[in-house]
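Take a look at the letters that make up each chain.
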Amino acid sequence: MSHPLFHLDASRKESLQFQIREQISQAILEGHLPRDEALPSSRKLARELNVARNTVMLAYDQLLDDGFLIARQRSGYFINPDILKGRADTPVRLNDIDADSLDWDERLAIKPSVQRAIEKPGDWHQYDYPFLYGQLDPEFFPTQHWRECSRDSMSVPSIRSWSVDHINHDDPLLVEQIHQRLLPRRGVWASPEEILITVGAQQALWISCMLLLKQGQRFAMENPGYVDMYNIARTFTDDIQLLPIDGKGLQPVESLKDCRLVFVSPSHQSPTGVTLPLERRRQLLDMAETGNFLIIEDDYESESNYADNPTPALKSLDRHKRVIYVGSLSKTLAPGLRLGYMVAHPTLIREARALRRLMLRHPPTNNQRAVGLFIARGYHDSLLNQMHQVMQRRFLVMRDAILRHLPMMSTPSTYGGSCFWMHGPASLDAHRLAALARQQSILIEVGDLHFFCDRDRHRHYFRLGFSAIPESRIEAGIMKLAELVPLAMQATAPRPSSHTSDTGNAGQYGGMARTAATPPC
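All of the points below concern the structure found in this document. (Residues numbered from 1 in each chain as written. Predicted model: local features only at pLDDT ≥ 70, side-chain atom pairs only at ≥ 80, totals over all residues. Heavy atoms only, no water.)

1. As for unusual backbone geometry
Right, on to step 1. The linkage connecting Asn223 with the following residue, Pro224, adopts the cis geometry, with an omega of 5°.
Right, on to step 2. Backbone torsion omega between Ser270 and Pro271 reads 15°, so that peptide bond is classified as cis.
Right, on to step 3. For Pro271, the location among the structural elements is in the loop between β9 (261-264) and α10 (278-291).
Right, on to step 4. A positive phi is found at Asn292, a non-glycine position, where the angle reads about 60°.
Right, on to step 5. Within the secondary structure layout, Asn292 lies in the loop between α10 and β10 (294-298). (Helix = DSSP H or I, 4+ residues; strand = E, 2+ residues; numbered from the N terminus.)

Laid out in structure tokens, this is it:
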């Protein structure tokens, strides 16, 4: 019969010794063991848990070394009272006021939870056909190289370097690698004082808006576009212009000159995947000069161009430092890594660094050092090359499967990225299609839910990603999805809702140029 407090699970990957140590330490910290009574002897606990006595003795020895236990001669093991010092006692309840009765609606300055957020199933890897964007096939992750760099970042000299309080500075090795290796690939030449490491590209977007936007100033972005960019901007201003998208990406409309800040994803527009051509990039930069606005360039998926050399970054054409360049290491290495960077004029970076310090000081420097080593040793370049080859094959298989099984769908004539933007017949209900597909172990992303702010008008759009699905499953998944399309067709084509109206050219992908009082996504 096992000890009532401790239950070992042989199916866990952790050793029995680890489980014993874990459960005893947790029981001590949570106050489940009496402080003045000896723990069961190693012989007795081993018998109760049906394990070797040596296993228990090793766990007890580790608990002694960690300060959880003390040994008393001829009396056994006892809880070390020092381990519980500084822990607050259970507070005495002074009144019967219920915190849930507080008027939180009145107290909250903003409510980000009511915004429409991008959601992805946490169990996506259990689906047979996960056509999701932004998740990487686990086979991509360079486990051996990453372990090597993580191990070396834990060397004594490295620990002494990154474990100190850096206050608001970044790991010099990572900054050097971004400066000398990553940015030149995009034609961007920047000094180290123009570079700031961020917790993913998301923090760079937030910092930029917080420093540069306020109520009454106009922000412009692509529609369809990145919904969280919209959510961030709405935190600081209600005046948002949604810019139309066509087969060449963002259309530089004349009203841009009234904006304070413009967001664009020129390498592969999110979600359509189209690439902004050089002539439009130069036109946009000229308008920024005459209209005196700044541009945030999200350069994600910049190198996944399978036809020719990548188009230089917008930042590389920026002669007057009006572009805030945002890059991410999460998209190529691992989404969970959460490391990105922003490149901008030294004055803006100085203020961004100070603002970041107020938020979190800096991203963890041990992670920064590991990534710096990963880039410095050429592993990042090798990974990009491998991913380029694999993703190009998947792109071709996916494109051919769509042409073969979903001929009624129109897609942009793009040749890059890791997804296809699907424009179905007007009678298609992509929400119903997604629900039917999920029952068949297929995951797709509904267009109006994730990318449009005028949602009711675009229920026939959806996105198919191919970064998370093996090449061998792509055609079978598209074939199964095609069989579900007739079941997701509505009897009549949906009519535009009465509360939305176009104020500009809708563009090939249904974008709207709408200003002021734009409803929240």
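2. Quick word on the pattern of salt bridges
Right, on to step 1. Scanning all chains against the criterion turns up 28 salt bridges.
Right, on to step 2. A salt bridge links Asp165 to Arg361, with the shortest nitrogen-to-oxygen separation between them at 2.8 Å. On the criterion of sequence distance, the pair formed by Asp165 in the loop between α6 (156-162) and α7 (172-185) and Arg361 in the loop between α11 (346-360) and α12 (365-376) is long-range, its members being 196 residues apart.
Right, on to step 3. The residue Asp318 makes a salt bridge to Lys315 at a minimum N-O spacing of 3.5 Å. Like Lys315, Asp318 is buried.
Right, on to step 4. A single network of salt bridges, built from pairs that share partners, joins Glu148, Arg151, Asp152 and Arg377. (Salt bridge = Lys/Arg side-chain N within 4 Å of Asp/Glu carboxyl O. Buried < 20%, exposed > 50% of the residue type's maximum accessible area, 1.4 Å probe, protein only.)

3. Considering the sheet that holds strand β16 (residues 461-465)
Right, on to step 1. Reading across the sheet, the three strands line up as β13-β16-β15 and stay open at both edges, with antiparallel pairing between neighbours. Each edge of the open sheet carries a strand with a single partner, namely β13 (419-423) and β15 (445-446).
Right, on to step 2. In this structure, β15 lies alongside β16, joined through two bridges in antiparallel fashion. Bridge pairing in β16 places Val446 opposite Phe462. (Pairing = 2+ DSSP bridges.)

4. Details of the sheet that holds strand β6 (residues 240-243)
Right, on to step 1. Overall, mixed pairing links the seven strands, which are arranged β4-β12-β11-β10-β9-β5-β6 in an open sheet. Pairing within the sheet leaves two strands with one partner each, and these edge strands are β4 (195-198) and β6. Direction aside, neighbouring strands of the sheet carry axes that sit 20° apart on average.
Right, on to step 2. Across four bridges, strand β11 (residues 323-328) lies against strand β12 (residues 340-343) in antiparallel orientation. Along β12, the bridge assignment pairs Tyr325 with Val343.
Right, on to step 3. Sitting on the sheet, helix α8 (residues 200-212) touches β4, β5 (219-222), β9, β10, β11 and β12, and the angle it makes with β11 is about 160°. (Axes fitted to C-alpha atoms, helices over the stretch in contact; angles between N-to-C directions. Contact = heavy atoms within 4.5 Å.)

5. Looking at helix α1 (residues 16-29)
Right, on to step 1. Compared with the 20 Å implied by 1.5 Å per residue over 14 residues, the 20 Å span of α1 between its first and last C-alpha is a close match.
Right, on to step 2. Where α1 is concerned, the buried positions are Gln19, Ile20, Arg21, Gln23, Ile24, Ser25, Ala27 and Ile28.
Right, on to step 3. The elements touched by buried residues of α1 are α2 (42-49), α3 (53-65), β1 (69-72) and β2 (76-79).
Right, on to step 4. Positive phi shows up at Gly31, right after α1, with a value of about 75°. (Expected span 1.5 Å × (residues − 1).)

Purely spatial values, then, with no claim about function.
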